[in-house]
Structures are given as C-alpha cells and as structure tokens.
Amino acid sequence: MAKNNNLTKKIIIALILGLLVGFALNFFAPGLFGIIDPYVLYPLGQLFLKLIKMLVVPLVFVSIVLGVAGLGDPKKLGRIGTKTISYFLVTTTVAIVLAMAVGYMMKPGVNGTFDTEGASYEAAEAPPVIDTLLNIIPTNPIESMTSGNMLQIIAFAVFIGLALAVLGEKTSGVYKIVEQTNEIMMYLVNLVMKVAPYGAFALIASAIGKQGWDAFKVMGMYFTAVMLTLLIHTVVTYGGTVSLLGKMNPIKFFKGFAPAMSVAFSTSSSSATLPVSMDTAQKNLNVPKQVSSFVQPLGATINMDGTAIMQGVATIFIAQVYGVDLSMSQLLMVVLTAVLASIGTAGVPGVGLIMLAMVLKSVNLPVEGIALIIGIDRLLDMTRTAVNITGDAACAVIVAESEKKHVSSNQNSGLSV
Ligand code: ASP
C-alpha cells in the first residue's frame, strides 16, 4: 500500500507539472515547444501509451476467461451480468439527464458569439442498432483480437470461460495456462506503471502545449458546464452509490482509485487504462479478481458516463447556439440516443465527439455544430475518460459487495472477499 501511495503521489505531481509546463510553453515559448514536443514529450508519452496498450488485448481476454470460469455456474454469471448492466444503464441515464439540466441552467450557447457560418463537420454514418448488437458475436475471434474489437473479444472470452467452467477437470491444463498468462500480464502492468509518472507528464504537457488557453476563453461556459456536471456525477452518483450500495467510504474509494483516474486523465483512453484500473481496483479497493475482471473490461467498453455527459451538454449547447427549441419528446430522444452513443463509443481518445453526430442527427440538429466544440475537446476528453473508468470501478465495488452474501453458497467459486 505504501508503495501504491507513493506511485499515486508521483503520478499526481506529474499531472500538475505537465499542466504547468504545457501552459507555460504554449504561452511563453511556443518556439521551444516546437522543438521539445516532437523530440521529447511526444516520444515519451507515446512510449508509455504503447507499453500499456500492448497489454490490453491479452489481458482482457485472459482476465474475462478466468473471471467467467471462476464464477463457476452460469447462473452466477447471469446474476452478476444483470447487476452490472443495470448499474451501467441507470447511471448513464442519470448522467445525461443531469447534463441536460445543467445545460439548461447554465445556457452555455446563449451568450457569446459563435461562428456558425464557418463551422463545417462531416459526420460518419452510425451503423443500425441491430447490426451493432449482432456484431458482438465475432465471425473470426482471431481477427477480433488483431483488430482490437473489445466487445467481440469479451464475447468470445465469455464463451471460453463458460466452457472451462462446465468442463472442469477435463480442461484444468488450459485453465492453468490462462491463469499463468494472467500472472504474467499483471506483472507487466506493474512494470509499466513504474514509468507512468514520466509518461503522464509528457502526455499532458504535449496536449496542453498544443491546445493552450485561447480555446477555453471563447468556450468557457460550455467547458465549465461539462466539467461541473462531471464533478457532480462523480461525487453524487458514484460517491452516493458506492457508499449506499457498496458500503465503502467514498473518500477511501476515490483515494484508492486515484492512480487509475490519473492515468485515464493523461491517456484519454478507457481501453488503454484498463490494465491499470483493474490492478488498482483489485489492490486498493479489494474488489475480487472474478468481479473486477468481468465488470471492468465490459465497463471500459460500454459504460461511458463521462462521454454521455459531454454529449448531453453539447446537444443542449448546439441547440442554443442555433436557436433551436427542443420539445419534450426530442429531449427523450436525446437521452435514448446518448445512452446508445456512449455504449457505442470506443474507449479511445476523441471518439465520443464523433458519436455525438448520432445524437444530433436524431433530433435534426446541425452536425456542423461539432466543429464549434472540437477545439476544446482535448481537456474535456481527458476528464471524461477519468469519469468513465470511475463508473466501472464504482460498479465493481457494488457488485463485489452484493456478491458477498452469495459467497457461502459458492465456496469453490474463488470469491474471497
Ligand atoms: N476517450 C473516451 C474514453 O476512452 C471516449 C470518448 O469520450 O471519446 O473513455
């Protein structure tokens, strides 16, 4: 734990230094930034990012196989699955409603001048919902792994895990191999985390150095509205549910999970942060491996409350800028499509903004509106990614707590709380 605390401190100091250095370079020495960024900051940040990304696919696969196999019986998988998905859906809906309420109260798009004439943005076509659902089952699992299609990898791993659970002794050799592979992955995660402070520093300084402060001045209200909602949702929804349903002191929760949040903040990617978030939840929040390895990879793929919040505020903002009044049924449509859009958002930088097109189209708002907020999205992306993975961890803590009462009836499930 002391070692962990040390690492947390180092990463947080690195984040703050990264912000300061980024702003300072942007403000006072853009020329110097032009030299430092491509030769120092960019390579250092990418090195860290690549090292953790390298572990994501194998880690997700083996940990879900182990998680499902460890659960033992399919009934238990059904129970944990239902609880997890219910928590994800409810909290995401709360997030969007909250975001729209804040959007209406703060009116970020009403005052100020926004250049809607010059705005242009080409939206990609979102696939139909049925296809998205059918696509969860891979036609070629190896291809899913090489292309990093998380939902397909998860689906395949669930099947393999179920088979291992049912076949038991017959496949104990394979189970052992998966278990040992998992050990190797976790060891590597810990190793990579040693360079996390340097990587985080470089990623932040590089992003802020490029972005600077100018974009924030024009978009101040929108920026503040998104940040405020992210904060409220984190403290109230996560803090509240962790304390009421997870029986954990929220301060302990946020403190324990801080290292993962800071890595999410610096990488802007739930998926890249996954190895760290699982490790942190298991070690600092005492979430059993079986629960963490099911809930967190699934959450990093489909549960994005932070993204939903950005989409909610952005929709209201764009409606206000273009002077469109949304009716009640249109607002409900926004809630529905934003839930789907956040589920469909991949856990990589910037995708939430692309998926926003789907929400805007559903209520006939101009997709070009995205061009207005694109400039400021980097820092918001960092923050909402941290919120996205915190929601997964909150869910893991709650599911772990609620599974405690079943432990006695599942002695050999490996759930040791
Ligand atoms: N960057 C976010 C994540 O990885 C997704 C998004 O909102 O763009 O969680």
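Residues numbered from 1 in each chain as written. Predicted model: local features only at pLDDT ≥ 70, side-chain atom pairs only at ≥ 80, totals over all residues. Heavy atoms only, no water.

**Section: the overall build of the protein**
Of regular secondary structure, the protein possesses 18 helices and zero strands. Rg of the C-alpha trace for the protein: 21 Å, near the compact-globule value of 22 Å for 417 residues, within the 12% margin. Dimensions of the protein, computed from C-alpha atoms along their principal axes, come out at roughly 70 × 50 × 45 Å. Put simply, the protein has 417 residues, and 53% of those count as buried. Partitioning the intrachain contacts of the protein with sequence separation of at least 6 by distance along the chain shows that 85% fall at a separation of at least 24. With the model as given, the accessible surface of the protein reaches about 18400 Å², and the carbon-plus-sulfur share is 68%. (Helix = DSSP H or I, 4+ residues; strand = E, 2+ residues; numbered from the N terminus. Rg over C-alpha atoms; globule rule 2.2 N^0.38 Å. Buried < 20%, exposed > 50% of the residue type's maximum accessible area, 1.4 Å probe, protein only. Contact = heavy atoms within 4.5 Å. Areas by Shrake-Rupley, 256 points an atom, 1.4 Å probe, with all protein chains shown as cover.)

**Describing the nonpolar core**
Within the largest apolar cluster, 119 residues are counted, with the highest numbers of intra-cluster contacts made by Tyr222, Leu285 and Leu356. Sort the elements by how many residues they give to this core and helix α2 (residues 30-71) lands first, with 16 residues. What Tyr222 contacts, discounting residues up to four positions off in sequence, is Pro108, Met310, Val313, Ala314, Phe317, Ile373, Ile376 and Leu380. Counting five residues, the second-largest nonpolar core is a separate cluster that includes Leu25, Phe33, Leu41 and Ala202. (Core = buried A, V, L, I, M, F, W, Y, C linked by side-chain atoms within 4.5 Å.)

**Examining the pattern of salt bridges**
Under the criterion given, the structure shown has nine salt bridges. Lys283 is paired through a salt bridge with Asp279; the nearest N and O atoms lie 3.0 Å apart. Taken together, the positions of Lys283 and Asp279, both in helix α12 (residues 270-284) and four residues apart, correspond to about one turn of that helix. In the salt-bridge network here, residues are joined through shared partners; they are Arg79, Lys83 and Glu403. (Salt bridge = Lys/Arg side-chain N within 4 Å of Asp/Glu carboxyl O.)

**A word on the site of the ligand**
Surrounding the ligand, one finds 17 residues, the nearest of these being Ser270, Thr307, Gly352, Asp381 and Arg384. At 3.2 Å from a nitrogen atom of the ligand is found a main-chain nitrogen or oxygen belonging to Val348. Notes on the ligand: free accessible area 270 Å², of which the protein chains cover 100%. Mapped onto the shell around the ligand, the elements with two or more residues apiece are α16 (351-362) and α18 (377-407). With four residues, the single largest contributor to the shell around the ligand is α18. Tallied by class, the residues present in the shell around the ligand amount to five nonpolar, 10 polar and two charged. (Near = heavy atom within 4 Å. Polar contact = N/O pair within 3.5 Å; in protein donor to acceptor, adjacent residues only side chain to side chain. Nonpolar A, V, L, I, M, F, W, Y, C, P; charged D, E, K, R; others polar.)

**Structural notes on the side chain of Gln320**
Its location among the elements puts Gln320 in helix α14 (residues 305-321). If we skip the residues at most four places from it in the chain, Gln320 touches Gly103, Tyr104, Lys107, Pro108, Gly109 and Val110.

**Observations regarding helix α13 (residues 289-302)**
The terminal C-alpha atoms of α13, which comprises 14 residues, lie 20 Å apart, in line with the 20 Å expected from a rise of 1.5 Å per residue. Of all 14 residues in α13, 13 are buried; the element is thus mostly enclosed. (Expected span 1.5 Å × (residues − 1).)

**Side note on the packing of helix α15 (residues 328-344) against α16**
Packing of α15 against α16 leaves a shortest axis separation of 9 Å and a crossing angle of 160°. Judged by the angle between their axes, α15 and α16 are roughly antiparallel. Remark: the crossing between α15 and α16 carries right-handed chirality. Residues Met333, Val334, Thr337, Ala338, Leu340, Ala341 and Gly344 of α15 pack against Met355, Met358, Val359 and Ser362 of α16. The class makeup of the residues in the contact of α15 with α16 is eight nonpolar, three polar and no charged. (Axes fitted to C-alpha atoms, helices over the stretch in contact; angles between N-to-C directions. Parallel < 35°, antiparallel > 145°, perpendicular 65-115°, else oblique. Left-handed = near helix turned anticlockwise from the far one by under 90°.)

**Things to note about a nonpolar patch on the surface**
Where nonpolar side chains cluster on the molecular surface, the patch consists of Ile12, Ile13, Ile16, Leu17 and Leu20 and spans about 450 Å² of accessible area. Here Ile13 is to be found in helix α1 (residues 2-28). (Patch = residues over 30% accessible without salt bridge, like charges linked within 9 Å, V, L, I, M, F, W, Y side chains within 5 Å.)

**Points about the packing of aromatic side chains**
Within the structure shown, the criterion is met by five aromatic pairs. Ring geometry for Phe61 against Phe156: centres 6.0 Å apart, planes inclined by 20°, an arrangement best described as stacked. Remark: Phe156 occurs in helix α6 (residues 150-167) and Phe61 occurs in helix α2; sequence separation between them is 95 residues. Pairing Phe253 with Phe254 gives two aromatic rings, centres 5.2 Å apart and planes at 70°, and the pair type is edge-to-face. On the basis of relative accessibility, which here comes to 0%, the residue Phe253 falls in the buried class. Taken together, the ring pairs in this structure connect Phe253, Phe254 and Phe257 into an aromatic cluster. (Phe/Tyr/Trp six-rings, centres within 6.5 Å; stacked < 30°, edge-to-face > 60°.)

**Re the confidence of the model for the protein**
In the predicted model, the protein carries a mean pLDDT of 86, and 90% of its residues have values of at least 70. For the protein, helix α9 (residues 214-218) is the element with the lowest average pLDDT, namely 62, and helix α10 (residues 220-244) is the one with the highest, namely 95. Note that residues 408-417 has pLDDT below 50 and, in this model, 18 contacts with residues that lie over four places away or in other chains. (pLDDT = per-residue confidence, 0-100.)

**Topic: the packing of α2 against α12**
Their axes nearest at 8 Å, the elements α2 and α12 cross at an angle of 65°. The way α2 lies across α12 gives a crossing that is left-handed. Across from Ile52, Lys53, Leu55, Val56, Leu59, Val60 and Ser63 in α2, the residues of α12 making contact are Ser271, Ala272, Leu274, Pro275, Val276 and Met278. Split by residue class, the contact of α2 with α12 holds 10 nonpolar, two polar and one charged.

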